[in-house]
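# Coordinates in review
In case you want the letters, here they are:
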Amino acid sequence: MRLKNKVAVITGAANGIGLAISEAFVKEGAIVIAGDIDEKKCAIEAERMSAGGAIVRSIGCDVGVMENVDRLIHAAINEFRRIDILVNNAAVSIRGNIMEMPEGDWDKLMNINLKSIYRTIKLALPHMVKQGSGSVINIASTQAFRSWHDWTAYAGAKGAILSITNQLAGQFGEFNVRFNSISPGAILTPMNEQRAIEEGPDYLARSAAMHAVKRMGTPHEVAMAAVFLASDEAGFITGEDIKVDGGLCTLPRYIE
Ligand SMILES: NC(=O)c1ccc[n+]([C@@H]2O[C@H](COP(=O)([O-])OP(=O)(O)OC[C@H]3O[C@@H](n4cnc5c(N)ncnc54)[C@H](O)[C@@H]3O)[C@@H](O)[C@H]2O)c1
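Residues numbered from 1 in each chain as written. Predicted model: local features only at pLDDT ≥ 70, side-chain atom pairs only at ≥ 80, totals over all residues.

## Overview of the environment of Tyr-154
Within the secondary structure layout, Tyr-154 lies in helix H5 (residues 152–172). The buried category is assigned to Tyr-154, around which 23 C-beta atoms lie within 10 Å. Once the C-alpha coordinates of Tyr-154 and Trp-106 are considered, the two residues, 48 residues apart in sequence, prove to be 8.7 Å apart. Setting aside chain neighbours within four positions, we find Tyr-154 in contact with Ser-93, Ile-94, Leu-109, Asn-113 and Gln-143. (Helix = DSSP H or I, 4+ residues; strand = E, 2+ residues; numbered from the N terminus. Buried ≥ 20, exposed ≤ 12 C-beta atoms within 10 Å, placed from the backbone. Contact = placed C-beta atoms within 7 Å.)

## What about the site of the ligand?
In the vicinity of the ligand lie 28 residues, with Gly-12, Gly-16, Ala-91, Thr-189 and Met-191 positioned nearest. Classifying every residue of the shell around the ligand gives 15 nonpolar, 10 polar and three charged. (Near = placed C-beta within 6 Å. Nonpolar A, V, L, I, M, F, W, Y, C, P; charged D, E, K, R; others polar.)

## Observations concerning unusual backbone geometry
The backbone of Asp-150 sits at a positive phi, close to 75 degrees, despite the residue not being glycine. Counting through the fold element by element, Asp-150 comes out in the loop between strand E5 (134–139) and H5. Of note in the backbone geometry, Asn-176 takes a positive phi value of approximately 65 degrees without being a glycine.

It is worth stressing that arrangement in space is one thing and function is another; only the former is reported here.
Laid out in structure tokens, this is it:
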């Protein structure tokens, strides 16, 4: 029960890594405010997780829209009067060669994957500062560290997330608010299942091959890093990025 009674807001909580983080947090005793654009799936998962007596709230929330994020943050504040943990997880994967990528795709990706964290942090941080405690976990990606053809926008947003994490860790440490990030390698989630459909049947095998451990990761393996960063055990860790990447970044280069 490493997160007992801590109030956690998690975006993109209906599937994949966000869902695994929600499940792991519930198991560790947290109260979870799960936000997702897929309101229906989010509600189903929240109901399932609450079955054993846990407190899980489901909020329909498009992180690309300030009013939606406001509703998510206020769901936590209005009912529980605090936010101990914020996990910025929601993102979309849009591929595109920069010479061909429509401006609309670039803007959409930046709005959902990057500007969203401006919205959540802007609204949650004042409460954490007031409380004198908080842990913000931003989900980045190993793509921020590796060149990967046609993923410029996605990787650029993740790189910016690493910088923002570092900036805010320096500024808000004195209020006992910690900012860290997690950079996953290729994780078997609906996001990658979709890419397997788009890129062909050998996509999953190629993804596995680019890791030192020669397999893809599981959402649970990412979630356990989030549990640690959210917990008081990580009280002296801020401005850090944890790679949960099966050694992808230790290899000399990305294998296309
Ligand atoms: N899967 C991987 O291999 C991998 C690797 C590195 C980083 N990541 C990052 O991990 C995070 C989760 O990825 P995943 O693989 O679980 O993705 P996923 O597509 O499987 O799940 C993402 C969830 O976010 C929700 N979502 C999408 N747009 C949203 C919006 N505008 N507002 C609110 N919710 C929205 C979706 O409905 C979905 O439930 C993302 O930040 C992703 O960039 C994933």
